[in-house]
Amino acid sequence: MAVLSAKLHDIGKFYELDYPFSEDFIRCIKGCITQHHGKLEYGSPRACNIEESFMLNYADTVDATMNKIEQIKENTKEDTWSDYDRRIETKLYL
């Protein structure tokens with residue numbers, strides 16, 4: 001919760017800024033937020049349909065995958081194969 005709060009604590013300042021954001025910019029930000037899971041079956045209310053939401057989805061996927069790999073590394077001895085992981089759909093040789 002603390003990490004999320006740290007990342008979002010200034011989001012309200014978006015409206016305080018004395019900069020005229022275009023409707024296209026606001027649409028893009030809203031689209032990225034609602035589409036960042038990428039696909040409906042992954043819990044996204046909308047599938048990606050703008051360039052920036054695809055980029056955010058891919059970055060989020062890479063981040064989640066690397067976090068999963070770190071978890072696997074913590075639970076696997078060196079010079080052995082990990083258990084099969086459904087999230088990354090493979091075993092890892094560590």
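Residues numbered from 1 in each chain as written. Predicted model: local features only at pLDDT ≥ 70, side-chain atom pairs only at ≥ 80, totals over all residues. Heavy atoms only, no water.

**Focus on the overall build of the chain**
Worth spelling out the cut-off: Strands here mean DSSP runs of E at least two residues long; helices mean DSSP runs of H or I at least four residues long; both are numbered from the N terminus. To sort residues, take the accessible area from a 1.4 Å probe on protein chains only and compare it with the maximum for the residue type: under 20% means buried, over 50% means exposed, and anything in between is partly exposed. Contacts are residue-level and defined by heavy atoms, with any inter-residue pair within 4.5 Å sufficient. In short, Shrake-Rupley with a 1.4 Å probe defines the accessible areas, and a residue's cover is counted only from the protein chains shown.
Within the chain one finds four helices and zero strands. Mapped from its N terminus to its C terminus, the chain presents α and β elements in the order α-α-α-α. Counting across all 94 residues of the chain, residues that qualify as buried make up 18%. The long-range fraction of contacts in the chain, counting pairs at least 24 apart against all pairs at least 6 apart in sequence, stands at 6%. Surface summary for the chain: the accessible area is close to 8,000 Å², and the carbon and sulfur share equals 56%.

**Some thoughts on the pattern of salt bridges**
For clarity, the cut-off: Criterion for a salt bridge: a side-chain nitrogen of Lys or Arg within 4 Å of a carboxyl oxygen of Asp or Glu.
Within the structure shown, the criterion is met by three salt bridges. A salt bridge links Lys68 to Asp85, with the shortest nitrogen-to-oxygen separation between them at 3.3 Å. Here Asp85 lies in the segment after α4 (51-74) and Lys68 lies in helix α4, a separation of 17 residues in the sequence. Taking relative accessible area as the criterion, Lys68 reaches 23% and is therefore assigned partly exposed.

**A word on the layout of surface pockets**
Defined as follows: Residues are called lining when one of their atoms sits within 4 Å of a cavity or pocket point, these points coming from a 1 Å grid over the protein atoms alone, where a cavity is a set in which a 1.4 Å probe fits but cannot get out and a pocket is an open set with protein on both sides within 12 Å along at least five of seven lines. Grid points are joined across faces, edges and corners, and a volume is the space filled by probe spheres set on the points. Put simply, Ala, Val, Leu, Ile, Met, Phe, Trp, Tyr, Cys and Pro go in the nonpolar bin, Asp, Glu, Lys and Arg in the charged bin, and everything else, Gly too, in the polar bin.
Of the pockets and cavities examined, the second largest pocket occupies roughly 370 Å³. Taken together, 13 residues make up the lining of the second largest pocket; nearest its centre are His37, Tyr42, Asn57, Thr61 and Arg87. Taken together, the residues of the lining of the second largest pocket break down into five nonpolar, five polar and three charged.

**Side note on the environment of Ser82**
As for its position among the elements, Ser82 is in the segment after α4. Judged by relative accessible area, Ser82 falls into the buried class, the value being 4%. For the pair Ser82 and Leu94, spaced twelve residues apart in the sequence, the C-alpha separation amounts to 7.3 Å. Residues within four places of Ser82 in sequence aside, it is in contact with Ile72, Thr76, Lys91 and Leu92.

**Examining the environment of Ser53**
Note that Ser53 resides in helix α4. Its relative accessible area of 0% is what places Ser53 among the buried residues. Separated by 24 residues in the primary sequence, Ser53 and Ile29 place their C-alpha atoms 8.6 Å from one another. In contact with Ser53, other than residues within four places in its own chain, are Gly31, Cys32, Gln35 and Cys48.

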